[in-house]
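Here's the letter readout for the chains.
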There are 2 protein chains.
Amino acid sequence: MLRRSFGLGVVAVGIAAATRAAFGQNDPLPSWNDGTVKMAILDFVSRTTSAGSRDFVLVPERIATFDNDGTLWTEMPVYFQFMFAIDRVKALAPQHPEWKDKPPFSYLLAGDMAGVAAMGEKGMVEVVAATHSGMTVADFERTVLDWLATARHARFKRPYTELVYQPMLELMALLRAKEFKTFIVSGGGIDFMRPWTEKIYGIPPEQVVGSSAVVTYDFNSGKPVLLKEPKVDFVDDGPGKPVGIYRFIGRRPVFAFGNSDGDQQMLEYTAGGEGARFMGLVHHTDAVREYAYDRQSSVGRLDKAWDEAVKRGWIVVDMKNDWKVIYPFEK
Amino acid sequence: MLRRSFGLGVVAVGIAAATRAAFGQNDPLPSWNDGTVKMAILDFVSRTTSAGSRDFVLVPERIATFDNDGTLWTEMPVYFQFMFAIDRVKALAPQHPEWKDKPPFSYLLAGDMAGVAAMGEKGMVEVVAATHSGMTVADFERTVLDWLATARHARFKRPYTELVYQPMLELMALLRAKEFKTFIVSGGGIDFMRPWTEKIYGIPPEQVVGSSAVVTYDFNSGKPVLLKEPKVDFVDDGPGKPVGIYRFIGRRPVFAFGNSDGDQQMLEYTAGGEGARFMGLVHHTDAVREYAYDRQSSVGRLDKAWDEAVKRGWIVVDMKNDWKVIYPFEK
């Protein structure tokens, strides 16, 4: 019904007919409102996966990459991984009496978030280093899962893993049904994501690319362990994203989705390949159901990448208008 | 016939019966001679993939890792990647007149391999850096493929990619048929392997873990490129192998195969997990059909890892006796 009431003229009708031919009467993206964005997605998937199509992409080349924070789940009021780090500082404080007088830990423990914010990236790096190293990778994984099981988002009063975007879950399922391999390529910590991405997104650990700290191997008297060190290994953000994609995947994506300036190079790199390409950005426009932010935001800023998207004809999702529901629990 | 003539007593007969039950009358490893090694492999695959088995492994956890040099293809008289580097030095020499007087390049160009060898790892690193950096990753890939298309192994007079081990191809095919994901985890360069591993081994680029140099992203006036820099990023050898497995795959293998001391930590790490595990080493014992070397070899030394294998009951393949054929072209 919705589709019939939506009109983009002859071209859109043609696309809709082709899409119906490819996907049948079952709408693979029920949480997306009909419109140019949904059409562009369905058209791309149809063109690249239909035998005989001029834009057909061989199955092994069907690589789709997704940013995580702000693209697959919410990133406000602050990246969820930083919320995890803050909770870890609180939990570990009794073992670190020196933190009482040492910023940014002292600010954090006093609830002075403005003080932490004023320290900028330096403060955040110190907090992450202190809470993400000095343990085995197995212990860290357990800590992440324990936290996700109990922590709640202040505004939504729900576990963070419920704050994933239903339309993006449907998009990834559609791509996988059409034999795309879906990858996460995130500035977030790879060790923070892998424990839960398979269950929540259907993306296995070996298809998660992210930032990382140095890990060292220790035979540990016959019980081999991997230890997390307080030293940055790789930052998978901005120009690091094409590097991470190349290093971990070894193929250029044909489909990439992000939401911020940190995704610009991933989309550029995707666009730079031969043949059909899809580049998408999620624009957070819905202050009522989620958050509205772009050029001025310190978290997930969308400024230069937006200009690039407009200039180059990349797809920009208007969250408020393009998404029928935001979260799975709204259904 | 062979199987009937092979007797290990009641236990082996039981395994053979179970294996026949799991694999039918079609031998999935026709290039392996019947014996304890073949039995151990078939038994492990059967136990870990048969519904209801005590050792059943869930499909997502079926991770199998293989070293490359000396495990999947020949590594004598010297790692094939080093042969590639030598040929590149010769090809690039006209653009580098300074090499005429600069070891190790001068030794190489004069054919003085003893001189190069006397420089040890330092010489090899210099040769690799000079031939593996200063170009885009796309140009490097083309160079590797061009070289493989024309270069021939001095003893076998065949392309290097024909010097892969038929029994290991069968083993990887068996594992994949049983829903294992097969990965390469090699000390060799990731950029040197990925261009051809899918075609030769059936292992796609995203399942290749290896050593790497730093790669940087350059937007290059609208044509994004990745550039190979003369700086080591990661050495995927020895204790680096568990680190590389953790970083790239994010799961502990249940099945791992190597051939040298550089694989010891990968096997230790594999063995350290819960449940059924398979750890294997290829012992090069066949000077007639391939090469015979172990404790004294500078290439692919098998010394400490062999002792560990004996101590811990890891499987050691006796190439001469366990493999009916070595290379695909012998069939």
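Above this text sits the structure in question.
Calculation notes
- Residues numbered from 1 in each chain as written.
- Chains lettered and ligands numbered in written order.
- Predicted model: local features only at pLDDT ≥ 70, side-chain atom pairs only at ≥ 80, totals over all residues.
- Heavy atoms only, no water.
- Helix = DSSP H or I, 4+ residues; strand = E, 2+ residues; numbered from the N terminus.
- Rg over C-alpha atoms; globule rule 2.2 N^0.38 Å.
- Buried < 20%, exposed > 50% of the residue type's maximum accessible area, 1.4 Å probe, protein only.
- Contact = heavy atoms within 4.5 Å.
- Areas by Shrake-Rupley, 256 points an atom, 1.4 Å probe, with all protein chains shown as cover.
- Lys, Arg positive; Asp, Glu negative; His and termini not counted.
- Charge placed at Lys NZ, Arg CZ, Asp CG, Glu CD.
- Least-squares fit on C-alpha atoms with pLDDT ≥ 70 in both.
- Buried area = accessible area lost by both parts, 1.4 Å probe.
- Nonpolar A, V, L, I, M, F, W, Y, C, P; charged D, E, K, R; others polar.

Across its full length, chain A holds 14 helices and eight strands. What you see for chain A is a C-alpha radius of gyration of 21 Å, in line with the 20 Å of a compact globule of 331 residues. By principal-axis analysis of the C-alpha atoms, chain A measures approximately 70 × 45 × 35 Å. Within the span of chain A, comprising 331 residues, buried residues form 53% of the whole. When contacts within chain A are restricted to residue pairs at least 6 apart in sequence, long-range pairs at least 24 apart make up 65% of them. Carbon and sulfur atoms provide 55% of the accessible area of chain A, an area that totals close to 14000 Å². Of the charged side chains in chain A, 39 are positive and 41 negative; the average position of the first set lies 4 Å away from that of the second.

A few words on the relation of the copies chain B and chain A. The transformation that overlays chain B on chain A combines an axial shift of 0.0 Å with a rotation of 180 degrees, and the residual RMSD is 0.0 Å. What the rotation and shift describe, once combined, is the action of a two-fold rotation axis. Taking C-alpha positions as the reference, the residue of chain B nearest the rotation axis is Phe248(B), at 3.2 Å. Interface overlap between copies is the fraction of interface residues in one copy that are interface residues in the other; for chain B against chain A it reaches 100%, indicating a shared surface.

Next up on the list: the environment of Ala117(B). Residue and element names in this part refer to chain B. Positionally, alanine 117 belongs in helix α6 (residues 113–118). A relative accessible area of 58% means that alanine 117 is categorised as exposed. Separated by 57 residues in the primary sequence, alanine 117 and proline 60 have C-alpha atoms spaced 44 Å apart.

A few words on unusual backbone geometry. A cis amide bond links Pro103(A) with the next residue in sequence, Pro104(A), at an omega value of 0 degrees. Looking at the secondary structure, you find Pro104(A) in the loop between α4 (80–92) and α5 (105–109). In this chain, Met76(B) is followed by Pro77(B) through a cis amide linkage whose omega measures 5 degrees. Locating Pro77(B) in the fold gives a position in the loop between β1 (63–66) and α4 (80–92). A positive phi is found at Glu179(A), a non-glycine position, where the angle reads about 65 degrees. With respect to the helices and strands, the residue Glu179(A) is situated in the loop between α9 (166–177) and β2 (181–189). For Ser221(A), which is not glycine, the phi dihedral falls at a positive 50 degrees. Mapped onto the secondary structure, Ser221(A) falls in the loop between β3 (208–218) and β4 (225–234).

Bringing the interface of chain B and chain A into the picture now. Counting residues at the interface gives 38 residues for chain B, matched by 38 residues for chain A. The contact between chain B and chain A buries some 3300 Å² in all, and 51% of this surface belongs to carbon and sulfur atoms. Area buried by chain B at its contact with chain A is led by Glu206(B), Tyr217(B) and Arg247(B), which between them contribute 23% of it. Mapped onto the side of chain B that touches chain A, the elements with two or more residues apiece are β2 (181–189), α10 (190–201), β3 (208–218), β4 (225–234), α11 (240–248) and α12 (264–271) of chain B. A breakdown of the residues in the side of chain B that touches chain A according to their chemical character gives 20 nonpolar, six polar and twelve charged.

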